[in-house]
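# Inside the fold
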Amino acid sequence: MEKHLLIDNVKIPMLGLGTWPMSGKECSDTVAAAINMGYRHLDTAQNYHNETEVGEGIRKSNTARDELFIVTKVSTRNLEPGLLARAAEESLGKLKIDYIDLLLIHWPTADMILEETLDAMFRLREQGKIRHAGVSNFSPALFREALDQGPVICNQVEFSPYKKQEDNLAVAREFNVMITAYTPLANGKVSRDIRLKEIGKSYEKSAAQVTLRWLLQLGNVSVIPKASSIQHLKENLEIFDFELSREDIKKISEIRY
Ligand SMILES: NC(=O)c1ccc[n+]([C@@H]2O[C@H](COP(=O)([O-])OP(=O)(O)OC[C@H]3O[C@@H](n4cnc5c(N)ncnc54)[C@H](OP(=O)(O)O)[C@@H]3O)[C@@H](O)[C@H]2O)c1
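Attention here is on the structure that accompanies the text.

Between the first and last C-alpha of helix α3 (residues 81-95) there are 21 Å, a value that for 15 residues agrees with the 21 Å anticipated at 1.5 Å per step. Among all positions of α3, only Pro 81, Leu 84, Ala 87, Ala 88, Ser 91, Leu 92 and Leu 95 are buried. Projected down its long axis, α3 shows its buried positions confined to an angular sector of 140°, all on one face. Contact partners of the buried residues in α3: α2 (51-60), β5 (69-74), β6 (100-105) and α4 (114-126). At the C-terminal side of α3, Lys 96 shows a positive phi close to 55°.

Turning our eyes to something else, we now look at the nonpolar core. With 84 residues, the main nonpolar core has Ile 105, Phe 143, Phe 159 and Leu 244 as its most contacted residues. For this core, the element with the highest residue contribution is helix α8 (residues 207-217), accounting for seven residues. Ignoring any residue separated from it by four or fewer positions in sequence, one finds Phe 159 in contact with Lys 164, Gln 165, Leu 169, Ile 179, Ala 181, Tyr 182, Thr 183, Pro 184, Trp 214, Leu 215, Leu 218 and Val 221.

Applying the stated criterion across every chain, the model contains 13 salt bridges. Among the salt bridges present, the one from Lys 60 reaches Asp 29, with a minimum N-O distance of 2.5 Å. Highlighted residues: Lys 60 in helix α2 and Asp 29 in helix α1 (residues 24-37), separated in sequence by 31 residues. Taking the relative accessible area as the measure of exposure, Lys 60 reaches 43% and is therefore partly exposed. Of the charged contacts in the structure, one is a salt bridge between Lys 250 and Glu 254, with a shortest N-O distance of 3.1 Å.

Taken together, the side chains of Glu 80, Glu 115, Glu 116 and Asp 119 make up a negatively charged region of the molecular surface. Looking at Glu 115, the relative accessible area reads 48%, which means it is partly exposed.

The next subject is the packing of α3 against α4. As a packed pair, α3 and α4 sit with axes 9 Å apart at the nearest point and diverge in direction by 40°. By the criterion of interaxial angle, the relationship of α3 to α4 is oblique. α3 and α4 meet at a crossing whose hand is right-handed. For the pair α3 and α4, contact is made by Pro 81, Leu 84, Ala 85 and Ala 88 and by Glu 116, Thr 117, Ala 120, Met 121, Arg 123 and Leu 124, respectively.

Another point: the pairing of strand β8 (residues 152-158). In terms of residue burial, β8 counts as a mostly covered element, since six of its seven residues are buried. Sheet topology places β8 next to strand β9 (residues 178-182); five bridges connect them, and they run parallel. Bridge pairing in β9 links Cys 154 to Met 178. Handedness of the crossover joining β8 and β9 through helix α6 (residues 166-175): right-handed.

Taken together, 29 residues are adjacent to the ligand, and Trp 20, Asp 43, Lys 226, Ser 228 and His 232 come closest. Backbone polar atom of Trp 20 to an oxygen atom of the ligand: 2.7 Å apart, as the coordinates give it. A distance of 2.6 Å separates an oxygen atom of the ligand from a polar side-chain atom of Lys 226. Compared with its free state, where it exposes 920 Å², the ligand has 87% of that area covered by protein. With three residues, the top contributor of residues to the shell around the ligand is helix α9 (residues 230-237). Residues belonging to the shell around the ligand are distributed by class as follows: 11 nonpolar, 14 polar and four charged.

Another aspect to go through is the packing of α4 against helix α5 (residues 140-149). At a closest axis distance of 10 Å, the pairing of α4 and α5 adopts a crossing angle of 50°. The orientation of α4 with respect to α5, classified from their angle, is oblique. Remark: the crossing between α4 and α5 carries right-handed chirality. Here Leu 114, Glu 115, Leu 118 and Phe 122 of α4 come into contact with α5, specifically with Leu 142, Glu 145, Ala 146 and Gln 149. Taken together, the residues that form the contact of α4 with α5 break down as five nonpolar, one polar and two charged.

Conventions used here
Once a new chain begins, its residue numbering starts again from 1 and follows that chain's sequence as written. Residue-level local features of this predicted model are given only where pLDDT is at least 70; pairs of side-chain atoms are given and counted only at 80 or more, and the full residue set underlies all totals for whole chains, interfaces and linings. Only hydrogens and water are removed before side-chain values are computed, so all heavy atoms of the structure are retained for them. The way it works is that DSSP assigns letters per residue, a run of H or I at least four long becomes a helix, a run of E at least two long becomes a strand, and they are numbered from the N terminus. Expected span of a helix: the number of residues minus one, times 1.5 Å. Burial classes follow relative accessibility: with a 1.4 Å probe on protein chains only, a residue under 20% of its type's maximum area counts as buried, one over 50% as exposed, and anything between as partly exposed. Taken from the helix axis, the directions to the C-beta atoms give the arc we talk about. The contact definition used throughout considers only heavy atoms, calling two residues in contact when any of these lie within 4.5 Å. To qualify as a nonpolar core, a set must consist of buried Ala, Val, Leu, Ile, Met, Phe, Trp, Tyr and Cys residues joined through side-chain atoms within 4.5 Å. Salt bridge, as applied in this entry: a Lys or Arg side-chain nitrogen positioned within 4 Å of an Asp or Glu carboxyl oxygen. Patch membership requires more than 30% relative accessible area and the absence of a salt bridge. Residues of like charge join within 9 Å; the nonpolar side chains Val, Leu, Ile, Met, Phe, Trp and Tyr join within 5 Å. Only the protein chains shown count as covering a residue, and every accessible area follows the Shrake-Rupley method with a 1.4 Å probe. By the counting scheme adopted, Arg and Lys are positive, Glu and Asp are negative, and His together with the chain ends is not counted. The atoms used to mark charge sites are NZ of Lys, CZ of Arg, CG of Asp and CD of Glu. Helix axes are fitted to C-alpha atoms over the stretch in contact, other axes to C-alpha atoms as well, and angles between N-to-C directions run from 0 to 180 degrees. Small angles under 35 degrees read as roughly parallel and large ones over 145 as roughly antiparallel, with 65 to 115 read as roughly perpendicular and the rest as oblique. Crossings are sorted by hand: turned counterclockwise from the far helix by less than a right angle, the near helix makes the crossing left-handed, and turned clockwise it makes it right-handed. When DSSP finds two or more bridges between two strands, those strands count as paired. Think of it like this: strands point away, you trace from the first strand over the helix to the second, and a clockwise trace means the crossover is right-handed. Residue proximity to a molecule or strand is established when one non-hydrogen atom of the residue lies within 4 Å of it. Side-chain atoms alone can form a polar contact between residues adjacent in sequence; in general such a contact is a pair of N or O atoms within 3.5 Å, and within protein one must be able to donate a hydrogen while the other accepts it. For this classification, the nonpolar set comprises Ala, Val, Leu, Ile, Met, Phe, Trp, Tyr, Cys and Pro, the charged set comprises Asp, Glu, Lys and Arg, and every other residue, Gly included, is treated as polar.

Set out below in structure tokens:
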């Protein structure tokens, strides 16, 4: 299976590392270890207060900037256009990079003027400070509204066997953009699920690997499991050497809780 999605002519690594709630040395060491193992997509946010450490981890890994896909998110207090531009500069400064691959609106708010916020993001794109604009925690209707305004390539939402996103996924497929699945392992709950473990047996894969693979095989999806243990980091990388049958995909898609 291909390890990248092709969205807006850009190759986006389907597997990323979630960095919340890591902080301090644990965060920079984990980011460096993950990159050295092969991770190429990193997810952080202003609200995680770890952009500095994510940047340290990136530098420690000695990996060329253009090999990495770095995602951060503007917090809800910075959605007004003037504040947004300043917040993006702050993220660039903390990460010590000169462009962000994908900047997301972390959460929509009731008083946000979506058109103005997105225009500010599109200006940052024209200035080369961000490569792509996206949103997070948007309903399918609001996601569609954002896509109608301009080049938005992603909606990052909670997505796991217990939290389905059929409607958001349908919008992403229609526009050929991406859903990034956060909390894809339901905070580790999937690894205790006997139904997922059972499916994994015939592939010699764990319930977590089966879950990540299911998400990727849905198409137009990237996943950002958080892992701090080396064992979990490795396990989550090993999802490209097997393929779930159509029957197993259906079984997982039918799980409701
Ligand atoms: N946009 C948003 O609003 C939003 C909201 C929440 C999260 N996020 C992003 O999504 C990322 C992931 O979500 P999350 O951290 O909430 O949940 P998650 O990735 O579903 O779960 C993380 C937990 O699963 C464990 N784990 C990792 N790999 C495993 C494996 N192979 N087998 C068993 N357990 C495993 C981790 O343990 P260890 O750490 O001990 O290895 C950790 O306890 C976050 O880090 C953040 O970047 C975004």
